[in-house]
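Summary of structural features
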There are 2 protein chains.
Amino acid sequence: MTQRIPVVERILSANDELAEENKSRLNAANVFAVNLMASPGAGKTSLIEQTLPRLAEKLRVAVVDGDIATSIDADRAAAAGAIVAVQVNTGGECHLDAVMLHQALGQIELATVDMLLVENVGNLVCPAEFRLGTHKSVLIASIPEGDDKPYKYPGMYRGVDALVINKIDLLPYINFKMDYFQRGVEALNPGLVTFPLSCSTGEGLDAWVHWILENVKRKA
Amino acid sequence: MTQRIPVVERILSANDELAEENKSRLNAANVFAVNLMASPGAGKTSLIEQTLPRLAEKLRVAVVDGDIATSIDADRAAAAGAIVAVQVNTGGECHLDAVMLHQALGQIELATVDMLLVENVGNLVCPAEFRLGTHKSVLIASIPEGDDKPYKYPGMYRGVDALVINKIDLLPYINFKMDYFQRGVEALNPGLVTFPLSCSTGEGLDAWVHWILENVKRKA
């Protein structure tokens, strides 16, 4: 008789349980939490750098930065005005999971925070499979990545609550068919709220910041 | 007594064994094989599209395209002149492994092929951990991804035999410090052969094609 060892299922279910616990802690402290996901170089850290100063007078924001190595991102988040920036080095892992966020939350005095931005590891595949316990998942696409990404990474596009399309300042230099891109998005995630913007020029950032503030208000 | 179940080690070792078998099959047929890895949108498929016509009169090239879904890439490779293009849909997996390449090789008449280009799933983390049995691993970086990628994805930069830096035509529009990028590369992989190029303008492609031809010649 062969014994079945359902390792993956058990890992996911333990992760989901801890994600629920993370969410309860965030809710108890009235912290609105966002999980930012994207390819390497799509602009997660740049978006955080542009977002924090625009929230500075309204919200106290903590940042958790997931990375395989280095603390480059947490340093940038702290410099941009995060009241605390926790670096999680995953030691080779290609995604954050609920355990890592749980540990990071232990480093943050949640009562002093209104919002938590979690920067996941740069990856369009694995992070989609691990719930963290945040309230919203946001995907950052970018123009230079190309217009076929929704078709090629459907799992990620299907699972998110909002989509940022970064680097629109590069549209004149790149063959990116916005219609084709958006048809792909719409097929996977109908009615998904979308923010075309540029972290270089600042264009489009107001609408994104407005979305955050509305979500925080709804939560309060 | 607790029983230890070293699942990951067993998977990797089984993968490595099959990778050796893949390499033996390629060697027996005198096929030079390259594993192309990169972030989503760095230009793996574009590089294949630009490379194939430049090799057309010298080499018969087969392409294996790994993707989570769709056959967009294999279609493009076939249109660009691959004598056969095999699409491997990984069904959610974030990397190719030796089993998948083994199955793909079963679809190719290796005696009619001089070179095999394997396009891995777009991901800067997981593909680095799974040997396929190819002769060379090539990483494609791209200017819009940013100059900090070697520091943030060291495992990938450490393990490759050559580095393509794509989209150099976008250098005037992006704050990319080539010195900083190359210092990071040099620390991880000293003396790594590097090809700055643009798949849009064609600049720099000759050196890359020359490198392939020299490798094929050395193998023959």
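We now turn to the structure provided with this report.

Conventions we followed
- Residues numbered from 1 in each chain as written.
- Chains lettered and ligands numbered in written order.
- Predicted model: local features only at pLDDT ≥ 70, side-chain atom pairs only at ≥ 80, totals over all residues.
- Helix = DSSP H or I, 4+ residues; strand = E, 2+ residues; numbered from the N terminus.
- Rg over C-alpha atoms; globule rule 2.2 N^0.38 Å.
- Buried ≥ 20, exposed ≤ 12 C-beta atoms within 10 Å, placed from the backbone.
- Least-squares fit on C-alpha atoms with pLDDT ≥ 70 in both.
- Contact = placed C-beta atoms within 7 Å.
- Pairing = 2+ DSSP bridges.
- Axes fitted to C-alpha atoms, helices over the stretch in contact; angles between N-to-C directions.
- Left-handed = near helix turned anticlockwise from the far one by under 90°.
- Nonpolar A, V, L, I, M, F, W, Y, C, P; charged D, E, K, R; others polar.

**Let's talk about the overall build of chain A**
- Helix and strand content of chain A: 8 helices and 7 strands.
- Taking 2.2 N^0.38 as the reference for a compact globule, 220 residues should give roughly 17 Å; the C-alpha atoms of chain A span a radius of gyration of 17 Å, in line with that estimate.
- Principal-axis analysis of the C-alpha atoms places the extent of chain A at approximately 60 × 50 × 35 Å.
- A total of 220 residues make up chain A; the buried ones form 48% of that total.

**Digging into the relation of the copies chain B and chain A**
- With an axial shift of 0.0 Å and an RMSD of 0.0 Å, the rotation relating chain B to chain A amounts to 180°. Seen this way, the second copy is the image of the first under a two-fold rotation axis.
- Looking at the interface residues of chain B, 100% of them are also at the interface in chain A, so both copies use one shared face.

**Section: the environment of Asp73 of chain A**
Residues and elements named next belong to chain A.
- Tracing the backbone shows Asp73 in helix α3 (residues 72-79).
- The exposure class assigned to Asp73 is buried, which follows from the 24 C-beta atoms found within 10 Å.
- Each residue touching Asp73, except ones within four places of it in the same chain, is listed here: Thr45, Asp65, Asp67 and Glu119.

**Focus: the interface of chain B and chain A**
- Each partner contributes residues to the interface: chain B has 31 residues there, and chain A has 31 residues.
- Of all the secondary structure elements, the ones that give two or more residues to the side of chain B that touches chain A are α5 (149-152) and α6 (154-158) of chain B.
- Top contributing element to the side of chain B that touches chain A by residue count: α5 of chain B, with 3 residues.

**Here we look at the environment of Ala62 of chain A**
Residue and element names in this part refer to chain A.
- Of note, Ala62 is situated in strand β2 (residues 61-67).
- Judged by the 25 C-beta atoms lying within 10 Å of it, Ala62 is buried.
- Between the C-alpha atom of Ala62 and that of Gly81, which follows or precedes it by 19 residues, the distance is 9.0 Å.
- If we skip the residues at most four places from it in the chain, Ala62 touches Ala82, Ile83, Val84, Ile108, Val113 and Leu116.

**A word on the sheet that holds strand β5 (residues 136-142) of chain A**
Residues and elements named next belong to chain A.
- One open sheet accounts for 7 strands, arranged β3-β2-β4-β1-β5-β6-β7; its pairing is parallel. The sheet terminates laterally at β3 (84-89) and β7 (193-196), the two strands that pair on one side only. Each strand of the sheet is rotated relative to its neighbour by a mean of 20°, with strand direction disregarded.
- Two strands pair when backbone bridges link them, and β2 and β3 are joined in this way by 6 bridges, in the parallel orientation. The partner of Val64 across the bridge, within β3, is Val86.
- The sheet contacts of helix α2 (residues 44-55) involve β1 (32-38), β2, β4 (115-119), β5 and β6 (162-166), and relative to β4 the element is tilted by about 165°.

**Some details on the packing of α2 of chain A against helix α8 (residues 205-219) of chain A**
All names here are of chain A.
- Two numbers describe how α2 lies on α8: the axes approach to 10 Å, and their chain directions differ by 65°. For the element pair α2 and α8, the recorded crossing hand is right-handed. Counted together, Gln50, Thr51, Arg54 and Leu55 of α2 and Leu205, Val209 and Ile212 of α8 form the full contact between these two elements.
- Grouping the amino acids of the contact of α2 with α8 by side-chain chemistry returns 4 nonpolar, 2 polar and 1 charged.

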